[in-house]
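# An overview of the molecular structure
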Amino acid sequence: INSKEVTMENKLKCTDLRIGNYVNYENRPFEVIEISPISLVVRKKIGDIFEMQHRALDVAQPIELTEELLVKIGFEDRKGYFNYSRVFGDDGDYCDSIYIYYCPRLKHFKFTHNIVENLDMQTMDLYNIKYLHQLQNAYYCLTNQELEIEL
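Below: a short report on this structure.

Calculation notes
- Residues numbered from 1 in each chain as written.
- Predicted model: local features only at pLDDT ≥ 70, side-chain atom pairs only at ≥ 80, totals over all residues.
- Heavy atoms only, no water.
- Core = buried A, V, L, I, M, F, W, Y, C linked by side-chain atoms within 4.5 Å.
- Buried < 20%, exposed > 50% of the residue type's maximum accessible area, 1.4 Å probe, protein only.
- Helix = DSSP H or I, 4+ residues; strand = E, 2+ residues; numbered from the N terminus.
- Pairing = 2+ DSSP bridges.

We now examine the nonpolar core. Of all hydrophobic cores here, the largest spans 18 residues; its most connected members are Leu 65, Leu 70, Ile 73, Phe 109, Leu 132 and Leu 135. Of all the secondary-structure elements, those providing two or more residues to this core are helix 1 (67-72), strand 7 (96-103), strand 8 (108-115) and helix 2 (132-143). Counting residues in each nonpolar core, the second largest holds ten residues, with Leu 12, Val 23, Val 32 and Leu 57 among its members.

What follows is the structure, encoded as structure tokens:
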């Protein structure tokens, strides 16, 4: 996101973020490792070394979800109505799996939680997820696990 394109809609607040979320500083993704009302401590892995920085919250930018980013974090192009999907969890019997589908045309996610043992299928559509940290937070709320991402 270009810093000139900042609006109230994509301005981050400390209450929007959790430790482990990714944000942009100067068009580079950083992982949030500490949060305060006015600043963040962030890190980026460069080779085998972590670069850590203390940065002002008001210059952090959300990372917009794009088809390229979805592929980078493990989604597969399915060439269907929901073009991108990713399965989280074990696909074997008697375990939970989360199927996440993204439709670029409609800009929304469909989360399907399948508890194989109970044959229980729950589906949730989420239309307001535009940024990576929002996807990370929705996934955590649904699974109580972090969305594994390496940028």
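Pairing of strand 2 (residues 28-35) with strand 3 (residues 39-46) involves four bridges; the strand directions are antiparallel. Of the residues in strand 3, the one forming a bridge with Glu 34 is Val 41. Taking the residues between adjacent antiparallel strands as the criterion, strand 2 and strand 3 are bridged by three residues. In terms of strand pairing, strand 3 meets strand 4 (residues 49-56) through eight bridges, oriented antiparallel. For Lys 45, the partnering residue across the bridge sits in strand 4 and is Phe 50. With antiparallel pairing between neighbouring strands as the criterion, strand 3 and strand 4 make up a hairpin whose turn holds two residues, including Gly 47 at a positive phi of roughly 65°.

Function cannot be read off these values alone, since they describe shape.
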